[in-house]
Amino acid sequence: MRFDVFTLFPQAVSPYLQTSILERAQQHGLLEVYIHDIRTWTSDRHHVTDDTPYGGGGGMVMKPEPVFAAVEGILGSPPSCPVILLTPQGRVFNQAIATELSAHQHVALLCGRYEGIDERIREHLVTMEISIGDYVLTGGELPALVLIDAVTRLLPGVLGDPTGAVDDSHASGLLEYPHYTRPPEYRGWKVPDVLLSGNHAEIERWRKQQSLLRTYQRRPDLIDKAVLSPEERKVLAILKTEEFNQRRENDDRY
Ligand code: JD8
């Protein structure tokens, strides 16, 4: 899969792509990322990329000419791939959107800065708008990296272990069970006995139960959406009963 990232801060984007899974995916030819500095597509002497907003108000707005020149110069006019703008006004990114995007051969990512981009870019160049969540960032570079990371993990052959992606918390729709590694006891804190038992059926049951319990306690919204097996529904019903009984015991005391 190929990504073209258009940004005024290319130096903010490249380092993360040189780490672990993303770097390996590129080495294996599964992922190609081209980072384009929008400023190099300006045609004025001072390489101006932003200007004051019409109508007044604070801040600066990214000018249309360098952005159109960059995107169309690299991808043609009109581009044949989706052109995604990272913006707080976009669809909120999730695992389903990541899966949807992973089906594409080629995606362009446009990173804004300042107060944002001239609306004509959005209207006539951008084909999709994505936000990575409801909090305020400084620009679209981190969102672009988040998107590339999430999508790349879904590409065939990227994760060494082919079960890795399906085991991920948001892929199964449930949160992950707790993980432990050596030593078996640290500062008096013990690893749960079941994990040292060597009984793989028991371990799997424990992990499934922990996943359900954690999701039920921390993200009940995910439980409502998750597709649960009859066995998982049974475990969940028991967890709810236990919680109910626990609450009654507490209530009886007060
Ligand atoms: C792009 C500029 C700064 C500051 C309005 C737009 C995404 N989930 C997300 N949070 N923030 C962004 C994001 C923020 C951006 C730009 C993405 C370009 N800003 C803000 C407040 C005033 N601008 C984002 N995706």
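Criteria and thresholds
Residues numbered from 1 in each chain as written. Predicted model: local features only at pLDDT ≥ 70, side-chain atom pairs only at ≥ 80, totals over all residues. Heavy atoms only, no water. Buried < 20%, exposed > 50% of the residue type's maximum accessible area, 1.4 Å probe, protein only. Helix = DSSP H or I, 4+ residues; strand = E, 2+ residues; numbered from the N terminus. Pairing = 2+ DSSP bridges. Contact = heavy atoms within 4.5 Å. Axes fitted to C-alpha atoms, helices over the stretch in contact; angles between N-to-C directions. Parallel < 35°, antiparallel > 145°, perpendicular 65-115°, else oblique. Left-handed = near helix turned anticlockwise from the far one by under 90°. Nonpolar A, V, L, I, M, F, W, Y, C, P; charged D, E, K, R; others polar.

Novice: What is the right way to read the pairing of strand 6 (residues 106–111) from this model?
Specialist: Sheet faces and side chains relate simply in a regular strand, where the side chains alternate between the two faces. Counting buried positions over the 6 residues of strand 6 gives 5, a clear majority of the element. Of the strand pairs in this sheet, strand 1 (residues 2–7) and strand 6 are connected by 5 bridges, and their pairing is parallel. Paired with Phe-6 across the bridge in strand 6 is Leu-110. Relative to strand 6, strand 5 (residues 83–92) runs parallel, the two sharing 4 bridges. Pairing of Leu-85 across the sheet is with Leu-110, part of strand 6.

Novice: Just to check I follow, could you spell out the side chain of Ser-211 for this structure?
Specialist: Among the secondary structure elements, Ser-211 is positioned in helix 10 (residues 200–218). When residues no more than four places from it in sequence are discounted, the contact partners of Ser-211 are Leu-174, Leu-175, Glu-176 and Tyr-177.

Novice: Explain the packing of helix 1 (residues 10–17) against helix 6 (residues 141–152) here, please?
Specialist: Two measures define how a pair of helices packs: the angle their axes make with one another and the distance between the axes. Their axes nearest at 9 Å, the elements helix 1 and helix 6 cross at an angle of 25°. The angle between helix 1 and helix 6 places the two elements in the roughly parallel class. Judged by the twist between their axes, the crossing of helix 1 over helix 6 is right-handed. Residues Ala-12, Val-13, Tyr-16 and Leu-17 of helix 1 touch helix 6, and the partners they reach there are Glu-141, Leu-145, Ile-148 and Asp-149. When the residues that make up the contact of helix 1 with helix 6 are grouped by side-chain class, the tally is 6 nonpolar, no polar and 2 charged.

Novice: Please explain the sheet that holds strand 6 as it appears in this structure.
Specialist: With respect to topology, 5 strands assemble into an open sheet ordered 2-1-6-5-7, the strand pairing being parallel. Both edges of this open sheet fall to strand 2 (32–37) and strand 7 (128–131), since each of them pairs with a single strand only. The mean angle between the axes of side-by-side strands here comes to 35°, regardless of whether they run parallel or antiparallel. Against the sheet, helix 3 (residues 64–75) makes contact with strand 1, strand 2, strand 5 and strand 6, and its axis sits at roughly 160° relative to strand 1, the strand it touches most. Sheet contacts for helix 4 (residues 95–102): strand 5 and strand 7; angle to strand 5, the most-contacted strand, approximately 165°.

Novice: Where do I start with the packing of helix 10 against helix 12 (residues 230–253) in this structure?
Specialist: At their nearest, the axes of helix 10 and helix 12 sit 10 Å apart, and the two run at 55° to each other. Compared by their axis directions, helix 10 and helix 12 come out oblique. Handedness of the helix 10/helix 12 crossing: right-handed. Within the contact between the two elements, helix 10 uses Lys-208, Gln-209, Leu-212, Leu-213 and Tyr-216 and helix 12 uses Glu-232, Val-235, Leu-236, Leu-239, Lys-240 and Glu-243. Considering only residue class, the contact of helix 10 with helix 12 consists of 6 nonpolar, 1 polar and 4 charged.

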